[in-house]
Each structure stands twice: as C-alpha cells, then as structure tokens.
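Geometric and topological summary
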Amino acid sequence: MTQDLRAFLKQKADNLRIHSIISTSEAASGHPTTCMSAADIVATLFFHAMRYDRHNPHNLNNDRFILSKGHAAPLLYAAWAEAGIISVDNLLDLRRIDSDLEGHPTPRLDWVDVATGSLGQGLSIGVGMALNGKFLDKSDYRVYVLMGDGESAEGGVWEAVALASYYKLNNLIGIVDVNGRGQSGPTMYGFDIDSYCRRFESFGWNTIAIDGHNLDDILSALDSAKASAIQPTMIVAKTIKGKGVSFVEDKEGWHGKAIPKGEQLDAALDELGPLGSNGGFQIETPAVPSNQAAAEMREVAPPDYRIGEDVASRSGYGAGLAKLGDANPQVVALDADVKNSTYAEQFMEKHGNRYFEMFIAEQNLVGSGIGLSKCGKVPFVSSFAAFLTRSADQIRMSAISQANIKYAGSHAGISIGEDGPSQMGLEDLAMFRTLPGSVVLYPSDAVAAERLVVEAARHEGIVYIRTSRPKTPVIYASDEHFPIGGSKTLREDSNDVATVVAAGVTLNEALKAYDQLKSEGISIRVIDLYSVKPVDTESLLRAAAVTNNTLITVEDHYREGGIGDAVLDAVASCGVKVHKLAVTSLPRSGKPDELMEQHGISAASIVRKVRETI
C-alpha cells in the first residue's frame, strides 16, 4: 500500500469517527463507540475495496454491504456522506422522526437493502445474496457482511456459516469486529481471536486474523478474500471499542451512549483532529447487467383436477409452484429438508438450478430468502407451519426489510393427526397476520392452492400460504380464480339462519355440517375465507345481514389471532355476533377425525353450535 493511500484511508476513517460522534451527540442517543471500532474497516471497504455505482443503488452488479451490527448505523451513514451519496448536513438528522436516518438501518433509504439491528441475521441474508450472484445471475459482485463479536453467539450465524461452506460461496466475505465488549459486559470470547478463527475454520471457511486498526492488515485480508476460489472468507479483526478517543477507548458504560455536548464532545473532536478533504478518491463502478430489467411473467398453466378427487392442498401448492417456475424465471424455491412433505420437490424436479436446499435450519432459510428477494428474485420459502415459528424474528425483520418474499407452511393444525402437538402449526396465522402489509392465504383444495401460488407471486410483498396434510375433495372447477382479498360463498339460501366461515380442512367440515342440517330443514350459509388477510369484509357483512347477524368461524388453529379474530376485527363495529370454534387446549396424538371432534371443530361440532345459536 502506498503512503498516499494509507494516509487517505486513515483520514477517511477518522472522518467516519467524527461524523459518528457528532451525529449521535446531536441526537443525544446512539452507539458511537461501536462505530469507532469499525471505522478503519468500513473506510477501507467503501473507499478502496468495494465496487459500486454511487449514482445507482439498484445496479445489480454492485458489491453488497450488510451492516449486521445495525446499531453502528451512524458509521454507515457517515460512509455515504463521505462518498457523496448524502450530504454531511443530513447526518445531523439522525434518529429524528422526519428523517430516514433511523437508529438502525431500514430500506426507507435506497442504499439499504435490508433492515438490520436484530443481531445475528446479516450473514444469512448475505448467504442469499451470494447464492444469487454465484448460481443465478452468475455475476462477479461480492457480498460483505460486517458483524459484531457479540452477535456471533446467535445460532443463526452458525446456520449461515455452515451453509455458506456447503455451497462454497467464495463471493461471501464476513468481517467480525472483535472489540471485546457487548452491551452489558465482555463478549463470550473477549479478545481470544484464535478461538473465533478455529470455529470458522472448522466449518470450512478461509479465516484471516488481523489488527482491525492496521490498514495494511485490512487491505491484505480483503485482497486474500477476493482471491479465494472455493471458500467463503471470515476476517476476524481485533479492534478497540471507542478507538480514537482516549476517555472512551475500551471503557465500560459507553455502549449505546452518545458523548455529551460540551467539554467531553470538544475533547473527543480535538483528539481526532479536523475533518479531512472529501475528494481525491475513485470508486470502481461496475457495468449495469444486460438482464437488469425484471423478466415478464408468462401465462401459468391452469390446474387439472376432477371435482371430488381427493388431493391435499400441499400437493396443489407443489404443482402450482412448479408451473409458476415455468412461467417466471425469477421464481426460486427454498426448503428446510421437508420438500417431499411440502411438495416443493415438484419445483426442484423441474427447476433444479433455481432450488436451494437449506436443510434443517429455518432461521437461515428465511434470512437467505430475504437476501434473494433483494436481488430481484421471487423466493418461495417452505417448511412445516410449526417450524416456521422458529424463525419468527427473521420473518418479522423481513417485513421491516420490505422484502418481496413468499412463505408456505404445510402440515398446519391438528388435522396432521398422530404426529402430535410438536408438529402441529397452530400459531402461524396469528404470526403472519401481525406483520404490517402481509397477505395471508389459506386454500381449501388443490385448485385454490395452485391459483393462490400465482396470486402470491404477482403480489409485491410478504405472502403466507397455509396448506394442509390430509387429502380432501377438490371443490372448485379448474377455471375458478381466487383474487387476494376475496372469499367464496359455497352454499346460500334466502332461509339461511346462520353463516359458517371456514378455510382449509374445516371448510370440508362446514360442508358436511351443511348437508346434515339441510336434512333437518335447517339452512346455513357457508363461506370459504381463503383470504384471511386482507379479509372480504363486504361479503361477511352481506352474509351476516341476512343470517340474523350471526357468523360462526371454524378453524384448525388456536383461538387467538386466526380466522375468528380476522372476522371479528372486520365486523365487530357493525353489531355482528361472531362465535369462534377453534383449538382451545393443548392437543395430543390421535386420528385427525378424533382430534377435530375433541377440539370442537368437526362437522358435528358445527352442527351443535348452529343449533345453539338459533
């Protein structure tokens, strides 16, 4: 490294420290000391190692940078200011309600791909981006993930480490900022750099230990990482929290604390010296790829089932996903070693180059899906509904990241039978309904499942599709369509005394109950609420108005947060009575019919409830 480059990068690093200190002091909150420990690394990345188009954040050939230690957001914003992407004056708006420079990065800013700050997730997202670059786009961009040492205790980190090695993601470069201090005390391994290196090496990573404040070390490590032919690289950098300001360097009590204005701020800035020149650097700009525009989706082949044929909705999901893959080259699929149960294997068999096995690591499954979505792909992420709850935080962060990602949870509810409660997804509807802007779909037969896969792909944002294990009769003709936000009224008469609202396996129970009550001279309306969010409020109110203002919801889900609550939220202000039939106690192993009767969501239970209400 030349003396001029060394001096330039040192000044850039000090500039980043100064900006981080001033912006957090102005906000009177934030994490300046964790910014200061990583400033030399970020300066070297942004002003020498990385390739990116400063005028086009959406250039698919840009190198990616993920700030997994999201509390160091002021450092990221400072780098943008030094690169001329935002003005230095903008930095003083940090953490204000009318500013996009939030306390942790979010995609309200064009240069932020994903939201970070819930620690331990950045590397999984980086895996998804690296998979896209290496196997799908075949681009030479690199993915850089800056992590804190404290977050390396998260299990999701090691899921990502294992998978990156398995797929030989040599375009993925992780950096651990080992400053030895967490929020409340020392990190697990402190400054034991060798311990970190041994762990990453044992997973098959190229590992490099450096002094994170030595610019020659940083540059050499990055050059070595770029030259790796078959391994991902982890750079383990020993740093000092608060580097550059003596009275906060490696001191307790400064995590998440701004340096107060006045004497302490003045002293800190005096130690760092004045801001240096903002010019004199060149960033290598990658070409815009020829396939930058999104591919057009072709017509999807329609379902092909006979009415009355017994087919599980999960099978319809698999068939629909495989057909969608024919029509849309941007669609990719990921699964957690249950592809023969979710039926994602049907996509794999036809489009193996766009299928990624994530193994039994659901947090990484979701994180990698987020990364793929941020590279312009439309990922369908599948597992058992019960096991998706393991990745609830990653799913929550996908919403904050504004990801265009589709989730599919199979084997939902007690209807899976003998496998027992550990396998029964009974919380999933509630989990996905709470996400801002999410769509929640629950097909009741294979036709609906196929059609809703296509609707999910066409919708921009998070979509959850819930499928069931048992085979159930096909209800709909193959030309039936299922727009998001709709419902289907399957039985209705002017003499209806109540409306039963169901979806999935309980719709079949509702239809059985209809037949039994009809034989007794009692007429009920039956609605298939395949779109649980958004819900078809208009149809529900119209049905209630002619059925004694009475709606009975039936669902293979716990009472809280599912179909019953979705319906209640829609109609409660209009004086409609909603009676909820749902799973209210801990289930056990048993035959599906036995369990549905025991938990009050069978056809017989519906019949009893209708009689009770009238």
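See above for the structure.
These notes cover the structure that comes with them. (Residues numbered from 1 in each chain as written. Predicted model: local features only at pLDDT ≥ 70, side-chain atom pairs only at ≥ 80, totals over all residues. Heavy atoms only, no water.)

1. Looking at the pairing of strand E3 (residues 172-178)
The line we're drawing: Residue exposure (1.4 Å probe, protein chains only): buried if accessible area is under 20% of the type maximum, exposed if over 50%, otherwise partly exposed. By the criteria applied, helices consist of DSSP H or I runs no shorter than four residues and strands consist of E runs no shorter than two, each listed in order from the N terminus. When DSSP locates at least two bridges between a pair of strands, those strands are taken to pair. Clockwise travel from the first strand over the helix to the second, with the strands pointing away from the viewer, marks a crossover as right-handed.
Burial within E3 is extensive, with seven of its seven residues counted as buried. Here E3 shows two buried faces, one formed by Leu 172, Gly 174, Val 176 and Val 178 and the other by Ile 173, Ile 175 and Asp 177. Pairing analysis gives six bridges linking strand E2 (residues 143-148) to E3, with the strands arranged parallel. Each bridged residue has a counterpart across the sheet, and for Val 143 the counterpart in E3 is Leu 172. Considered for its hand, the β-α-β crossover made up of E2, helix H6 (residues 155-166) and E3 is right-handed. In this sheet, strand E5 (residues 233-238) lies alongside E3 in parallel orientation, the contact comprising six bridges. Considered in E5, the bridge of Ile 173 is made with Thr 233.

2. Considerations on helix H19 (residues 537-545)
As a reminder, the rule being used: It is the directions from the helix axis to the C-beta atoms whose arc is reported. The contact criterion used throughout is that any non-hydrogen atoms of two residues lie within 4.5 Å.
Of the residues making up H19, those classed as buried are Ser 539, Leu 540, Ala 543 and Ala 544. Buried positions in H19, seen along its axis, are confined to an arc of 130° and lie on one side of it. Within H19, the exposed residues directed more than 90 degrees away from the buried face are Glu 538 and Ala 545. The elements touched by buried residues of H19 are strand E15 (498-502), strand E16 (524-528), strand E18 (550-558) and helix H20 (563-571).

3. With respect to the packing of helix H1 (residues 3-27) against helix H8 (residues 215-227)
What counts, and what does not: What counts as an axis is a line fitted to C-alpha atoms, over the stretch in contact for a helix, and the angles between N-to-C directions run from 0 to 180 degrees. In this scheme, roughly parallel covers angles under 35 degrees and roughly antiparallel covers those over 145, while 65 to 115 is roughly perpendicular and the rest are oblique. We call Asp, Glu, Lys and Arg charged. Ala, Val, Leu, Ile, Met, Phe, Trp, Tyr, Cys and Pro are nonpolar, and the rest, Gly among them, are polar.
With their axes 10 Å apart at the nearest point, H1 and H8 run at an angle of 100° to one another. Comparing their axes, H8 and H1 come out roughly perpendicular. Between H1 and H8, the contacting residues are Leu 5, Arg 6, Leu 9 and Lys 10 on the first element and Leu 215, Asp 216 and Leu 219 on the second. Per-class residue counts for the contact of H1 with H8 are four nonpolar, no polar and three charged.

4. Here's the deal with the sheet that holds E5
Strand order in the open sheet formed by five strands is E1-E2-E3-E5-E4, with parallel pairing between adjacent strands. Edge positions in the sheet fall to strand E1 (64-67) and strand E4 (206-211), since each has one partner strand and no second. The average angle at which neighbouring strand axes cross in this sheet is 20°, direction not considered. Sheet topology places E4 next to E5; six bridges connect them, and they run parallel. In the strand pairing of E5, Ile 208 is matched with Ile 235. Against the sheet, helix H5 (residues 122-136) contacts E1, E2, E3 and E5, and its axis sits at roughly 175° relative to E2. In the packing of H8 onto the sheet, contacts are made with E2, E3, E4 and E5, and the angle to E4 comes to roughly 170°.

5. Quick look at the environment of Glu 299
When you line up the elements, Glu 299 lands in the loop between helix H9 (263-272) and strand E6 (310-312). According to the relative accessible area criterion, Glu 299 is exposed, its value standing at 70%. Here the alpha-carbon distance between Glu 299 and Asn 328, two residues 29 residues apart in the chain, equals 8.8 Å.

6. Remarks on the nonpolar core
To keep it simple, the criterion reads: Residues belong to one nonpolar core when they are buried, are Ala, Val, Leu, Ile, Met, Phe, Trp, Tyr or Cys, and are joined through side-chain atoms within 4.5 Å.
In this structure, Leu 123, Leu 172, Phe 380 and Leu 540 are the most contacted members of the largest nonpolar core, which totals 135 residues. Counting residues per element, this core draws most heavily on helix H17 (residues 446-458), at eight residues. When near neighbours in sequence (up to four residues on either side) are disregarded, Leu 123 contacts Ser 68, Val 145, Met 147, Val 157, Ala 160, Val 161, Leu 172, Trp 205 and Met 234. Grouped together as the second largest cluster of nonpolar side chains are 52 residues, Leu 16, Phe 46, Ala 79 and Ile 235 included.

7. A short note on the packing of aromatic side chains
How we decide: Two rings from Phe, Tyr or Trp (for Trp, the six-membered ring) form a pair when their centres are within 6.5 Å of each other. A pair whose planes differ by under 30 degrees is stacked, one over 60 is edge-to-face, and the rest are tilted. A ring has a charge above it when a Lys NZ or an Arg CZ is no more than 6 Å from the ring centre and no more than 35 degrees off the ring normal.
By the definition in use, this model includes 20 aromatic pairs. Each ring, one from Trp 158 and one from Phe 200, has its centre 4.8 Å from the other, and the planes form 25°; the classification is stacked. Of this pair, Trp 158 sits in helix H6 while Phe 200 sits in helix H7 (residues 193-202); the two residues are 42 residues apart in sequence, bridging distant segments of the chain. As far as burial versus exposure is concerned, Trp 158 and Phe 200 are alike and both buried. Consider the rings of Tyr 407 and Phe 432, whose centres lie 5.3 Å apart with planes at 45°: the pair is tilted. Taken together, the residues Tyr 407 in strand E10 (residues 406-410) and Phe 432 in helix H16 (residues 428-433) connect sequence positions 25 residues apart. Taken individually, Tyr 407 and Phe 432 each receive the classification buried, so the pair is uniform in this respect. What links up through ring pairs into an aromatic cluster is the set Phe 46, Phe 47, Tyr 52, Phe 65 and Trp 111. Positioned above the aromatic ring of Phe 191, the side-chain terminus of Lys 238 is 5.2 Å from the ring centre. We note Arg 466 situated over the ring of Tyr 442; from NZ or CZ to the ring centre the distance is 4.9 Å.

8. A word on the pattern of salt bridges
Let me state the cut-off plainly: The term salt bridge refers to a side-chain nitrogen of Lys or Arg lying within 4 Å of a carboxyl oxygen of Asp or Glu.
Taken as a whole and judged by the stated rule, the model has 32 salt bridges. In this structure, Glu 480 engages Lys 488 in a salt bridge whose closest nitrogen and oxygen atoms are separated by 2.8 Å. Residue classification places Lys 488 among the buried residues on the basis of a relative accessible area of 14%. Residues Asp 565 and Lys 580 are paired through a salt bridge, measuring 2.5 Å at the closest nitrogen-oxygen approach. Taken together, the positions of Asp 565 in helix H20 and Lys 580 in strand E19 (residues 577-583) put the pair 15 residues apart, joining distant regions of the chain. The residues Asp 565 and Lys 580 share a single accessibility class, namely buried.

9. A look at the environment of Ala 160
Following the sequence through the fold, Ala 160 ends up in helix H6. A relative accessible area of 0% means that Ala 160 is categorised as buried. Through-space distance from the C-alpha of Ala 160 to that of Asp 63 is 19 Å; in sequence the pair is 97 residues apart. Ignoring any residue separated from it by four or fewer positions in sequence, one finds Ala 160 in contact with Leu 123, Ser 124, Val 127 and Asn 364.

10. Here we look at the sheet that holds E10
Taken together, seven strands build an open sheet; the order of strands is E8-E7-E9-E10-E12-E11-E17 and the sheet is mixed. Since the sheet does not close on itself, it has two edges, and those belong to strand E8 (355-357) and strand E17 (531-533), each with one partner. Along the sheet, successive strands turn relative to each other by an average axial angle of 20°, direction set aside. Sheet topology places strand E7 (residues 331-335) next to strand E9 (residues 378-384); five bridges connect them, and they run parallel. If you follow Asp 335 over to E9, its bridge partner there is Ser 382.

11. Describing the pairing of E19
The element E19 is largely enclosed, with a buried count of five among its seven residues. The sheet contact formed by E18 and E19 spans six bridges and is parallel. When the sheet's bridge partners are listed, Thr 550 is paired in E19 with Lys 577. With respect to chirality, the unit in which E18 leads through H20 into the neighbouring parallel E19 is right-handed.

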